[in-house]
Amino acid sequence: MFTQAVKTDNKVLIENKSKFILAHSSSGHKHALKEILSDPNLAPRLADTKASGEVKALDDFYQMLQNDPDRAFYGIRHVEHASEQQAIETLLITDELFRANDVSTRKRYVSLVDDVKDNGGEVKIFSSLHVSGEQLGQLTGVAATLRFPIPAPDDEDSSSDDNN
């Protein structure tokens, strides 16, 4: 590829040669991206990429959910409750929700993101085209790791609220 770039005088490709990484994966499908992004040998070279940060944030959320479930919430009702308590350390949200076509839905999620940022939390917007974004989408599309444990809100009507 680089030989062809030199022949055709493709300056953009030649200038960005150092950004290319040759890596092995078990398949050529997009799910293999998660395998590559979590490879410890590639981690130092991928540390500053957005996709790597998303995978790490999602892995941290799953670890928290497994080890300390009172500090890991998902679903809009639970996450909004945590935001009201100013407990969110990291908010994970899919771009589909953050950029929803329905104005009231979009305002709800934009307000949530603004609240988390105002309270010193970190916000990660996941691409729905990436494997980690698909995984988050299967988990309601919004999740949060918390600074401190808080009790979950009452679960009455939670199934209807989580879908909004």
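Cut-offs used in this document
- Residues numbered from 1 in each chain as written.
- Predicted model: local features only at pLDDT ≥ 70, side-chain atom pairs only at ≥ 80, totals over all residues.
- Heavy atoms only, no water.
- Helix = DSSP H or I, 4+ residues; strand = E, 2+ residues; numbered from the N terminus.
- Buried < 20%, exposed > 50% of the residue type's maximum accessible area, 1.4 Å probe, protein only.
- Pairing = 2+ DSSP bridges.
- Phe/Tyr/Trp six-rings, centres within 6.5 Å; stacked < 30°, edge-to-face > 60°.
- Axes fitted to C-alpha atoms, helices over the stretch in contact; angles between N-to-C directions.
- Contact = heavy atoms within 4.5 Å.

**Re the overall build of the protein chain**
Part 1: For the protein chain, the count of helices and strands is 10 helices and 4 strands.
Part 2: Tracing the protein chain from N to C terminus, the helices and strands come up as α-α-α-α-α-β-α-β-α-α-β-α-β-α.
Part 3: Structurally, the protein chain occupies a C-alpha span of about 65 × 35 × 30 Å along its principal axes.
Part 4: Within the span of the protein chain, comprising 164 residues, buried residues form 38% of the whole.

**A word on the pairing of strand β4 (residues 142-146)**
Part 1: Of all the 5 residues making up β4, 5 are buried; the element is thus mostly covered by neighbouring parts of the structure.
Part 2: Along β4, one buried face is formed by Val142, Ala144 and Leu146 and the opposite face, lined by Ala143 and Thr145, is buried too.
Part 3: Strand direction decides the pairing type here: strand β1 (residues 72-74) and β4, joined by 3 bridges, are antiparallel. Across the sheet, the residue bridging to alanine 72 is threonine 145, located in β4.

**Focus on the packing of aromatic side chains**
Part 1: Within this structure, the stated rule accounts for 2 aromatic pairs.
Part 2: Aromatic rings pair up to connect Phe61, Tyr62 and Tyr74 into one cluster.

**A word on the sheet that holds β4**
Picture the strands of a sheet paired through backbone hydrogen bonds; they go either parallel or antiparallel.
Part 1: Within the open sheet, the 4 strands sit side by side as β1-β4-β2-β3. Their pairing is mixed. Of all the strands in the sheet, just β1 and β3 (122-126) have a single pairing partner and so form its edges. Taking the axes of each pair of neighbouring strands and ignoring which way they run, one obtains an average angle of 15 degrees across the sheet.
Part 2: Against the sheet, helix α6 (residues 76-84) makes contact with β1, β2 (88-94) and β4, and its axis sits at roughly 130 degrees relative to β1, the strand it touches most.
Part 3: Set on the sheet, helix α9 (residues 131-138) makes contact with β2, β3 and β4; between it and β2 the angle comes to about 100 degrees.

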